[in-house]
Amino acid sequence: MKESQNSSDSNIFDSLTHKERIFKNREALSSTYIPLYFPHREEEINNIAHILKPALHGSRPSNILIYGQTGTGKTAIAKFICEQITKKAQSENKKIHTSYINCKQTNTPYGILSNIGKTYSKEWEKQIPSAGWRIDKVYSKLKQKANENGGIAIIVLDEIDALVSKSGDDILYHLTGLNSDLENSKISIIGISNDVKFTSWLDPRVKSRLGEEALAFSPYNAPQIEDILYNRSKIAFYENVVEPLVISYCSSKAAQEHGDVRKALDLLRISAELAEREEREIVTAKYVNLAQNVMESDQVRNIISTLPIQHKATFASIIINQGSREKGQQTTGEVYATYTRICNKFKLEELSQRRVGHIISELDMQGLIHAKIVSLGRQGRTKFINLAIDTKQLKSIIQNDSLFTDIFEEIVKSNKFGSMQLRLI
Ligand code: ADP
Ligand code: MG
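Just so we're clear, the structure is a prediction, and the values are computed from it rather than from any experiment.

Draft legend 1. Structural detail: the nonpolar core. Residues I304, F315, L368 and I369 are the most contacted members of the largest nonpolar core, which totals 32 residues. Among the elements of the structure, α12 (285-305), α13 (309-323), α14 (332-346), α15 (353-365), β8 (381-387), α16 (391-398) and α17 (402-414) are those that each provide at least two residues to this core. Among the elements that line this core, the one with the most residues is α13, at 6 residues.

Draft legend 2. A look at the sheet that holds strand β6 (residues 330-331). Across the sheet, which stays open at both edges, the 3 strands sit in the order β6-β8-β7 with antiparallel pairing between neighbours. Of all strands in the sheet, those bounded by a partner on one side alone are β6 and β7 (369-375). Against the sheet, α13 makes contact with β6, β7 and β8, and its axis sits at roughly 80 degrees relative to β8, the strand it touches most.

Draft legend 3. Local environment of the domain arrangement of the protein chain. Each assigned domain of the protein chain is listed with its residue range as follows: domain 1 (38-217), domain 2 (221-303) and domain 3 (307-413). Between the C-alpha centres of domain 2 and domain 3 the distance comes to 35 Å. Across the boundary between the two partners, domain 2 contributes 5 residues, which contact 8 residues of domain 3. Carbon and sulfur atoms supply 61% of the area that domain 2 and domain 3 bury against each other, a total of about 540 Å² over both sides. Sorting the residues of domain 2 by area buried against domain 3 places V300, R301 and I303 first, and these three jointly supply 88% of that buried surface.

Draft legend 4. View of the packing of aromatic side chains. Counted under the stated rule, the structure contains 4 aromatic pairs. Aromatic pair F23 and F237: ring centres 5.3 Å apart, planes at 35 degrees, arrangement tilted. Note that F23 is positioned in the segment before α1 (42-52) and F237 in the loop between α9 (222-236) and α10 (244-256), a separation of 214 residues in sequence. For the pair F23 and F237, one class covers both residues: buried. Here the aromatic rings of Y336 and Y339 are separated by 5.6 Å at their centres, their planes lie at 25 degrees, and the arrangement is stacked. Highlighted residues: Y336 and Y339, both in helix α14, separated by 3 residues, approximately one helical turn.

Draft legend 5. Summary view of the site of ligand 1. Taken together, 21 residues lie around ligand 1, and G71, K74, T75, Y220 and R232 are the ones closest in. Separating an oxygen atom of ligand 1 from a backbone N or O atom of S31 is a distance of 3.4 Å. One of the backbone N or O atoms of P39 is found 2.7 Å from a nitrogen atom in ligand 1. Of all the elements in the fold, those that place two or more residues in the shell around ligand 1 are α2 (74-91), α9 and α11 (261-277).

Here is what the cut-offs are and how they apply
- Residues numbered from 1 in each chain as written.
- Chains lettered and ligands numbered in written order.
- Predicted model: local features only at pLDDT ≥ 70, side-chain atom pairs only at ≥ 80, totals over all residues.
- Heavy atoms only, no water.
- Core = buried A, V, L, I, M, F, W, Y, C linked by side-chain atoms within 4.5 Å.
- Buried < 20%, exposed > 50% of the residue type's maximum accessible area, 1.4 Å probe, protein only.
- Helix = DSSP H or I, 4+ residues; strand = E, 2+ residues; numbered from the N terminus.
- Pairing = 2+ DSSP bridges.
- Contact = heavy atoms within 4.5 Å.
- Axes fitted to C-alpha atoms, helices over the stretch in contact; angles between N-to-C directions.
- Domains from an automatic or database assignment.
- Buried area = accessible area lost by both parts, 1.4 Å probe.
- Phe/Tyr/Trp six-rings, centres within 6.5 Å; stacked < 30°, edge-to-face > 60°.
- Near = heavy atom within 4 Å.
- Polar contact = N/O pair within 3.5 Å; in protein donor to acceptor, adjacent residues only side chain to side chain.

Put into structure tokens, the structure is as follows:
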């Protein structure tokens, strides 16, 4: 008989491995994972590779501007291509430096130049203070380092629209002009923007220098997202743990949101995590619905908790009014009446009705309420306002927000607002 204790094929962890029955490689679904294969972007990758090819022969590649909506693969593909060209250059003994900068994080000229400097010199940080020098001094130091080092630098400026909206386009003018001051080295820039209209705010000279080549990444459709997810899921999951329907379900939901693959990957990952938490062996379509609820409520929670105080007071007024009536439609005037009571009670500065009207429009744009303008004939126009969020969900969110709980508690106490209370609280 086999002795189970010491047999080589048994292990005390065997009974615990059910926890990893689903995920083989969880990381493969994260948005920072860089796959080796990008379905439906072969042409774009090929185009970029062709544009960058001269770097391997020592000439400066054209600058490239890549634009497209979020989740269309711009960041992942730019990083992938940088890795590929670096490997190729190493194997052929060519001098190519690549540098990836996210301009949402690094959005000052000083920060950008410093980051580029690091690609040339490991000593850079010791030699250049992280702030305090005049920008032209940093700039000449960068030129000096580039010339000493030689070779071609490919600089990816991701979310470049954030840089321009924070610091203007001067830095891009200087960077794209740097080559004329360099003897022994060349720089080429890959700018990436999520905002398709970004170039319309650029100085025409910067626009033509930066956009020597321009590439648009179009949104994916549902079958394309399905291919991408299928490929990812082969890396991420054990065989046969995800129902095929789950992949197509996640894809069609993401396709409705401008073909954002990040959303599809998140949905797939959260679905699998929910199934895992319930110790299921198979991820079924039911979990996609649950995952979508989780994602939506996270988003709404985020929007509500970061509302400025006047917006919260206005939103609370709408919730209160809606709780006090059957059909729930209310006018700006009615919102304002409740709002002024809240301001009074909480010693908040009271804004004019017009200003509160603007806040109502903003809440509408954020998807928290529906506001529809209706004509009242000779009495002018007003808005009819409704909550746009499921009350159950809203309840769980406002219960965790101290300002809202204070407001509602106060209302229960004063009982001034009649019968409404308390369908919501
Ligand atoms: P963007 O920068 O355009 O917002 P990302 O490059 O961050 O988009 O892509 C979002 C996610 O989708 C990343 O995990 C990325 O790897 C993945 N992705 C996008 N396109 C593809 C594709 N064609 N093949 C495989 N994965 C993709
Ligand atoms: Mg990106």
